[in-house]
Amino acid sequence: MHLTLVGLSHKTAPVEIREKLTFPAHRQEEALSLLLSTPEVAEAVVLSTCNRTEIYAVTAAGTDGSGAVVDFLADYHDLDRHELVRYLYFSEGEAVVRHLFRVVASLDSMVIGEAQILGQVKEAYEHAFANDSAGRIFNKLFRQSFEVGKRVRSETDIGENAVSISYAAVELAKKVFDSLDGRTVLILGAGKMSELTAKHLVSNGVKTVLVANRTYERAQELACRFCGLAIRYDELFERMREADIVISSTAATSYVVTKDDVAAARKGRRGQPLFLIDIAVPRDIDPDVNQLDDVFLYDIDDLSGVVESNLEERMREARRAEEIIGEEMAAFERWIESMEVVPTVAAIRAKAEQVRSAELEKALKRLGGLSEKELKTVDALTTSIVNKMLHGPTARLKMVAGEKDGYTYVEAARFLYGLDSNPEGKAAHAGLIRSLFGRAERAAERAADKGTQSEMGDTIGC
Amino acid sequence: MEQAAVVSFWFAMALYLVATVLYAYHFVAKRPVFSWYATFATGAGFLAHTASIGLHWGATGQTPITGAFNSLSLAAWTLVLIYFVVEHLVKLKLYGAVLVPLAFIAMALGQILQGSESFELSQAALSQLDSWRVAMHVAIIMIANAGFAVGAAASGVYLLQGAQLKKHKSSALMKRLPSLTQTQDLARRAIMLAYPLYTAGMLLGIVRAIEFDLPYWWFDPRVMTSGVVWAIFCSYLLLHYRRGASGKLLARLALVGLVAVIILSILARTLPTGFHIFGL
């Protein structure tokens with residue numbers, strides 16, 4: 001068994017290529033079925049988002065798994081294989097695990113810390129699970145990757161800080177007002193940016209939207225979009241008293257809001273803060289306004305600065321996320337090691353030796369008075385019996401372990417010899433039975449689909 | 001029993017110290033598990049503290065309102081109790097990093113000042129204390145003081161957050177601190193509830209002083225300081241409700257009020273004059 005990843009993302013391919021290699025939800029079943037029909041692929045998950053298309057596969061050892069996946073991609077999307085390879089990246093083994101964990105933790109996303117990717121990976125896995133293309137290994141790997149996603153979200157602040165101007169404004173408003181529910185926002189000037197910011201504020205609970213513009217009709221038009229109220233420009237400072245947040249974005253070439261205007265509007269607010277966002281260039285609001293008590297003015301540069309420091313903060317948090325990934329990788333590796341043939345054979349031999357030594361000791365106590373030569377002979381005899389008994393099964397186990405479904409034999413051997421007392425806290429044979437039967441059922445279905453008469457036993461290698 | 005009271009007292013102090021460190025660490029590192037440990041340590045400390053007060057009372061027969069040690073210990077106990085109410089209401093552990101150490105300091109000061117008192121309570125003085133009015137006077141003023149401490153702590157956080165927002169830099173501190181309106185509301189509500197209690201507590205004390213016909217009772221340093229505390233928080237409420245003063249001014253006033261409370265509770269106690277000989 002071998003973990004293989006073939007994919008492309010916003011880092012390696014332009015949108016013209018990415019859009020050609022998508023796997024929409026309704027075509028996943030077909031794609032997965034085609035992938036599993038290739039002899040090299042035992043398990044597969046297809047992750048397809050606007051920024052990445054990745055195929056995770058468990059492939060048979062000693063085969064060209066990556067090549068098979070590339071062939072599938074080229075055939076499925078009718079693309080030139082050589083052209084396609086230029087945009088692809090390939091990973092194998094441990095690197096696949098790390099890559100998946102980084103993707104789920106959104107460390108590989110276009111915007112580090114974005115929350116969408118975890119849901120997208122879950123969806124991809126659910127498709128694979130529903131279509132029986134996720135088996136024992138991917139069930140474990142992907143479920144563990146969701147743990148990684150959850151841990152990174154809960155133990156770091158990677159997704160906490162806004163990385164766009166309009167969200168930064170909302171985030172700051174929440175630091176001033178706690179909740180935006182029932183607040184009033186006054187939009188000064190009907191620019192696109194102020195509209196976008198107001199939109200975010202409204203979606204966060206702002207109740208009343210007042211719009212003031214030199215052209216009253218334009219103010220009405222914008223107010224209509226937010227079910228707000230257009231106000232006459234000459235009423236601006238009168239109505240500013242009602243506002244908690246002011247967004248200014250006019251085309252004026254000088255300050256339209258001065259310190260005195262705000263000082264007058266502040267009266268009678270009983271110490272309630274006023275948050276002003278000036279996203280106009282040249283600025284609309286006199287920067288001295290920020291000197292007033294309970295008044296907080298942010299211009300476009302201030303907001304950009306906040307975004308920049310938030311990005312830096314996310315990068316710092318990304319380092320903490322990498323540590324979590326390291327811990328989870330170690331846990332996954334411990335599990336995968338238990339599925340490897342060499343440690344399994346060693347464990348079988350150790351267990352047999354333990355039994356032999358214990359039984360020999362008991363027998364020698366009963367026999368008593370044996371000469372040294374006799375002792376050596378008995379010891380050699382028991383050792384020889386154990387070795388001969390184990391040679392056949394362990395040799396065959398080593399032989400089949402590299403095959404497509406080889407790990408099922410390893411798992412069977414571990415179960416039969418009682419090497420894992422209670423793996424994962426479940427019945428020791430549960431995974432095996434699921435694994436064997438799941439694969440057998442799928443193989444039977446595939447055989448039936450093809451109209452062939454393959455034996456179930458052939459598929460599982462009995 | 002007295003020994004058990006002392007052990008419980010030190011145990012409570014140690015737990016409050018541990019809780020302070022845990023609250024501070026939770027604030028810096030934002031690890032929810034530490035906040036749980038901090039609350040647990042505070043709760044355990046509070047139980048040990050309650051046991052200490054009860055055992056001390058039982059062992060000495062001394063009301064827990066006599067002397068610097070007892071009264072500061074009781075003040076710390078009230079503060080922790082009020083903190084639990086605040087934590088339950090605002091669901092914020094931040095104030096634990098401010099109020100629990102305040103309780104710890106009060107206990108430590110009580111311990112330090114314990115030896116400095118050079119008075120022995122006479123039988124007459126003890127009988128004076130044996131009055132529901134005196135007990136209520138002390139209890140109400142302590143609860144009010146704890147309320148003022150909460151108001152001042154929230155005001156301090158308000159000033160800190162306000163300064164962060166004025167700087168226009170997205171700092172970790174800004175992200176960890178609660179919003180301005182939340183701190184403002186907490187400060188206002190705490191002071192609004194504490195102020196009438198304080199007034200009632202003062203009136204009970206005045207009634208008791210008049211009953212005993214104490215000459216120049218208003219000339220007592222602690223009575224005068226309490227008048228200052230009362231005036232400061234009266235100004236706070238008037239400035240807020242009548243004049244619509246700025247949040248910054250009100251927050252500063254609340255901090256000044258807390259300083260006056262500390263002077264009243266600690267410094268005025270050390271003066272050799274006055275009739276507040278019970279260390280109330």
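Criteria and thresholds
Residues numbered from 1 in each chain as written. Chains lettered and ligands numbered in written order. Predicted model: local features only at pLDDT ≥ 70, side-chain atom pairs only at ≥ 80, totals over all residues. Helix = DSSP H or I, 4+ residues; strand = E, 2+ residues; numbered from the N terminus. Buried ≥ 20, exposed ≤ 12 C-beta atoms within 10 Å, placed from the backbone. Contact = placed C-beta atoms within 7 Å. Pairing = 2+ DSSP bridges. Axes fitted to C-alpha atoms, helices over the stretch in contact; angles between N-to-C directions. Nonpolar A, V, L, I, M, F, W, Y, C, P; charged D, E, K, R; others polar.

A.B. asks: Which residues make up the overall build of chain A, and what values go with them?
C.D. replies: For chain A, the count of helices and strands is 18 helices and ten strands. A total of 462 residues make up chain A; the buried ones form 38% of that total. Sequence separation of 24 or more characterises 69% of the internal contacts of chain A that already satisfy a separation of 6 or more.

A.B. asks: Can you tell me about the sheet that holds strand β7 (residues 229-231) of chain A, naming the residues and giving the values?
C.D. replies: All names here are of chain A. Read across the open sheet, the six strands follow the order β7-β6-β5-β8-β9-β10; overall the sheet is parallel. Each edge of the sheet is formed by a strand with only one pairing partner; in this case those strands are β7 and β10 (295-299). When strand polarity is set aside, the average angle formed by the axes of neighbouring strands in this sheet is 20 degrees. Pairing geometry for strand β5 (residues 184-188) and strand β6 (residues 208-212), over five bridges, is parallel. Its bridge partner lying in β6, Val185 is registered against Val209.

A.B. asks: Summarise the sheet that holds strand β1 (residues 2-9) of chain A; cite the residues concerned and give the values.
C.D. replies: Residue and element names in this part refer to chain A. On the basis of which strands lie adjacent, the open sheet formed by four strands has the order β2-β3-β1-β4 and antiparallel pairing. The sheet terminates laterally at β2 (41-48) and β4 (89-92), the two strands that pair on one side only. In this sheet, neighbouring strand axes are inclined to one another by 15 degrees on average, regardless of whether the strands run parallel or antiparallel. Note: β1 against β4, four bridges, orientation antiparallel. Of the residues in β4, the one forming a bridge with Thr4 is Glu92. Set on the sheet, helix α7 (residues 136-155) makes contact with β2 and β3 (52-59); between it and β2 the angle comes to about 35 degrees.

A.B. asks: Describe unusual backbone geometry, listing the residues and the values that go with them.
C.D. replies: Residues and elements named next belong to chain A. Following Val281, the chain continues to Pro282 via a peptide bond in cis, the omega torsion being -5 degrees. Positionally, Pro282 belongs in the loop between β9 (274-278) and β10. Positive phi outside glycine occurs at Asp78, with the angle close to 55 degrees. Summarising the element assignment, Asp78 is placed in the loop between α3 (65-77) and α4 (81-85). When the 7 C-beta atoms within 10 Å are taken as the criterion, Asp78 is described as exposed.

A.B. asks: Tell me about the interface of chain B and chain A, residues and numbers included.
C.D. replies: If you look at the interface, chain B gives 21 residues, while chain A gives 24 residues. Listed by contribution, the elements that provide at least two residues to the side of chain B that touches chain A are α6 (132-167), α7 (172-176), α8 (180-211) and α10 (247-270) of chain B. A per-class count over the side of chain B that touches chain A returns six nonpolar, ten polar and five charged.

A.B. asks: Tell me about the pairing of β3(A), residues and numbers included.
C.D. replies: All names here are of chain A. Of all eight residues in β3, eight are buried, a share of seventy percent or more. Residues Arg52, Glu54, Tyr56 and Val58 point to one face of β3 and Thr53, Ile55, Ala57 and Thr59 to the other, with burial holding for every one of them. The pairing of β1 with β3 spans eight bridges and is classified as antiparallel. Along β3, the bridge assignment pairs Leu5 with Tyr56. Note: β2 against β3, seven bridges, orientation antiparallel. Within the sheet, the bridge partner assigned to Glu43 lies in β3 and is Val58.

Nothing here speaks to function; it is geometry throughout.
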